[in-house]
Amino acid sequence: MAYSKNGYFRRAEEIQRITNEHYEPGRQDRCLKWVWKRHIYPTFGVCYNSYLGYLKALRRRDGLDPCLRSRRDVN
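Conventions we followed
- Counting restarts for each chain, with residues numbered from 1 along the sequence as it is written.
- In view of the model being predicted, local features appear only for residues whose pLDDT reaches at least 70, and side-chain atom pairs are presented and counted only at 80 or more, with totals across whole chains, interfaces and linings using the full set of residues.
- Hydrogens and water molecules were not included; the side-chain quantities draw on all heavy atoms of the structure.
- Only buried residues count toward a nonpolar core. Its members are Ala, Val, Leu, Ile, Met, Phe, Trp, Tyr and Cys residues joined through side-chain atoms within 4.5 Å.
- Throughout, exposure labels follow a simple rule: accessible area from a 1.4 Å probe, protein chains only, divided by the maximum for the residue type, with under 20% read as buried, over 50% as exposed, and the rest as partly exposed.
- Numbering of helices and strands starts at the N terminus; helices are DSSP runs of H or I of at least 4 residues and strands are runs of E of at least 2.
- The criterion used for residue contact is that any of the two residues' heavy atoms lie within 4.5 Å.
- The aromatic pairing rule takes the rings of Phe, Tyr and Trp, using the six-membered ring of Trp, and pairs them if the centres are within 6.5 Å, calling planes under 30 degrees apart stacked, those over 60 edge-to-face and the rest tilted.
- Ring-over charges, as used throughout, are those where CZ of Arg or NZ of Lys falls within 6 Å of the ring centre and within 35 degrees of the ring normal.
- Each helix should span, by expectation, one fewer than its residue count multiplied by 1.5 Å.
- In this scheme, the bend at a residue equals the angle between the axes fitted to the seven residues that finish there and the seven that begin there.

Caption draft 1: Seen up close, the nonpolar core. Counting 13 residues, the largest nonpolar core has Ala12, Ile15, Ile40, Val46, Tyr51 and Tyr54 as the members making the most contacts within it. Mapped onto this core, the elements with two or more residues apiece are α1 (6–22), α2 (32–44) and α3 (48–62). Element by element, the count of residues in this core is highest for α3, at five residues. If we ignore the near neighbours within four places in the chain, the residues touching Ile40 are Ile15, Ile18, Thr19, Val35, Gly45, Val46 and Tyr51.

Caption draft 2: Looking closely at the packing of aromatic side chains. A full pass over the atoms with the stated rule returns five aromatic pairs. Judged by centre distance (5.5 Å) and plane angle (55 degrees), the rings of Trp36 and Tyr41 are tilted. In this structure Trp36 comes out as buried when scored by relative accessible area, which is 13%. We note Lys5 situated over the ring of Tyr8; from NZ or CZ to the ring centre the distance is 6.0 Å. Here the guanidinium or amino end of Lys33 rests over the ring plane of Tyr48, the centre of that ring lying 4.4 Å away.

Caption draft 3: Layout of α2. With 13 residues, α2 should reach 18 Å at 1.5 Å per residue; the first-to-last C-alpha distance of 15 Å falls well below that figure. Arg38 marks where α2 bends most, by close to 35 degrees; the proline Pro42 follows one to four residues later. Considering only its buried residues, α2 is in contact with α1 and α3. Phi turns positive, to about 70 degrees, at Gly45, one or two residues after α2.

What follows is the structure in structure tokens.
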């Protein structure tokens, strides 16, 4: 049986949806750490570094991450 990351990406979409609802870029009291502490950690129980990884997950899946694009150009 093959492993698929469908559950991982579904969770990443939900985390990004919650972040988009509550994150306000100009306000320091509504930063990513606040969103994680108030909404993500109680619901999903992931650490802050994992939370940041989930925020980047869909960009990696869709090939929009600039770090991955530069690696592909080199190889």
